[in-house]
Amino acid sequence: MATDLEMRAKEAFVDDNFDLAVDLYTQALDVDPKNADLYADRAQANIKLESFTEAVADANKAIELDPSMTKAYLRKGTACIKLEEHQTAKAALEAGVLLAPGDSRFTKLIKECDERIAEETVSLSKKVMPNAPPTTMSHSSDTTIEEVNSSHCTHGLPNQTKETPNKPKFRHDYYNTPTEVVLTIFAKGIPAENVTVEFGEQTLSVTIDSLGEEYHFQRRLFAKIVPANCRYQVLSTKVEIRLLKAETITWTSLEYSGKAVPQKINTFSATMQQRPSYPSSKSKVDWDKLEAEVKKEEKDEKLDGDAALNKFFQDIYRDADEDTRRAMSKSFVESNGTVLSTNWGEVGSKKVEGSAPDGMEIKKWEY
């Protein structure tokens, strides 16, 4: 069934019927949700439809299922370039060229990213930051959002949300600080290993596995962020995500609209004020105190087994610098998950060979 749908999707793609191709790939994924090729091919169809945010989400899923899939890195890089996320695009393309050293498509796009990054750096250095009123509280509605991987993608609207029935729903909220936007997804009792957060230059992708059903939060953000310095924390009652702003401006919404005019923040005045708290229409609540209590409970919570080990590696990756993260990613991918190094100087210039546990051996399979 999935194979038949895949063949029909490929035929629709060849006929330039990209909407139908996306539709058929989605139906095939309902039958075979672990098929990395289907995600990578749907990413290509979404690129043709200029649904670049959806294409990045599909490419990320393909890479998650098969880290050695070259075309997934290429399609993620292509979509990120279209979204003007050149740093994220370059990182994906550099990972892909390691798998296909002779593929000129990667080197050509990496060169394009370098040129765009240089232009952005020059442009940013010329900007003057005028003073403006201090940061203000902003928050979203309680509207829930669902995965962009529903059966239809809308042409030309990369930030449009799509809804899939019978999926878990969680309320979300956010507020501004002078340097960060703090997003909270109120997902209670979710293990840390069931939460995946990916930061792009102007995109955010959150996946939460709740009782076997996946909740997806995919957004093109109001403005650019610094992915390497963004972080998240899974607490007993929520997932708290801190987005470091690339520019000190007030976000008037969480999502990119193309029309909003950013307001510069007077950082001096803002730091003199108290930390923003969640708004309440009833009696006042000391949210800072409540948050501190929740964090203390999370800190005191004892983990064991795989949960403790996963949290240990997540903490290392979250707090690491860029070289350490690159070393961890490269060693893990190249060794097929048997080696995890934090030393970029050791693994950056050579291929990392797999290392089997005692009593076992690594075998290469030919297809």
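Residues numbered from 1 in each chain as written. Predicted model: local features only at pLDDT ≥ 70, side-chain atom pairs only at ≥ 80, totals over all residues. Heavy atoms only, no water.

Another aspect to go through is the packing of aromatic side chains. According to the stated counting rule, one finds 3 aromatic pairs in the structure shown. Geometrically, the ring pair formed by F13 and F18 is edge-to-face, given 5.2 Å between the ring centres and 65° between the ring planes. On the basis of relative accessibility, which here comes to 22%, the residue F13 falls in the partly exposed class. Residue F18 is classed as buried on the basis of its relative accessible area, which comes to 15%. Ring centres of F170 and Y215 lie 5.0 Å apart, and the angle between their planes is 75°; this geometry places the pair in the edge-to-face category. In this pair, F170 is assigned in the loop between α7 (104-125) and β1 (172-176) and Y215 in strand β5 (residues 213-220), connecting sequence segments 45 residues apart. Of the two residues, F170 and Y215, neither departs from the other in class, the shared state being buried. Positioned above the aromatic ring of F217 is the side chain of R219, whose terminal nitrogen or guanidinium carbon lies 4.7 Å from the ring centre. Its end group placed over the ring of Y256, R220 keeps NZ or CZ at 4.2 Å from the ring centre. (Phe/Tyr/Trp six-rings, centres within 6.5 Å; stacked < 30°, edge-to-face > 60°. Buried < 20%, exposed > 50% of the residue type's maximum accessible area, 1.4 Å probe, protein only. Helix = DSSP H or I, 4+ residues; strand = E, 2+ residues; numbered from the N terminus. Lys NZ or Arg CZ within 6 Å of the ring centre and 35° of its normal.)

Following the sequence through the fold, K330 ends up in helix α11 (residues 322-334). K330 gets classed as buried once you look at its relative accessible area, which sits at 9%. With residues near it in sequence (within four places) discarded, K330 still touches L98, W344, V347, G348, K350 and K351. (Contact = heavy atoms within 4.5 Å.)

Here the focus is the packing of helix α2 (residues 18-31) against helix α3 (residues 36-48). When two helices pack together, their arrangement is given by the angle between the helix axes and by the axis-to-axis distance. Packing of α2 against α3 brings their axes to within 9 Å, and their N-to-C directions diverge by 160°. Considered as vectors, α2 and α3 are oriented roughly antiparallel to each other. Both α2 and α3 take part in a crossing whose hand is left-handed. Contacts between α2 and α3 pair F18, A21, V22, Y25, T26, A28 and L29 from the former with L38, Y39, D41, R42, A45, N46 and K48 from the latter. The residue makeup of the contact of α2 with α3, split by class, is 9 nonpolar, 2 polar and 3 charged. (Axes fitted to C-alpha atoms, helices over the stretch in contact; angles between N-to-C directions. Parallel < 35°, antiparallel > 145°, perpendicular 65-115°, else oblique. Left-handed = near helix turned anticlockwise from the far one by under 90°. Nonpolar A, V, L, I, M, F, W, Y, C, P; charged D, E, K, R; others polar.)

With that out of the way, let us pick up the sheet that holds strand β6 (residues 231-234). The 4 strands are arranged β1-β2-β7-β6 in an open sheet whose pairing can be described as antiparallel. Strands with a single pairing partner mark the edges of an open sheet, and in this sheet they are β1 and β6. Adjacent strand axes in the sheet meet at a mean angle of 15° when their direction is disregarded. The pairing of β1 with strand β2 (residues 180-185) spans 5 bridges and is antiparallel. Residue N176 lies in a different strand from β2, and its bridge partner there is V181. (Pairing = 2+ DSSP bridges.)

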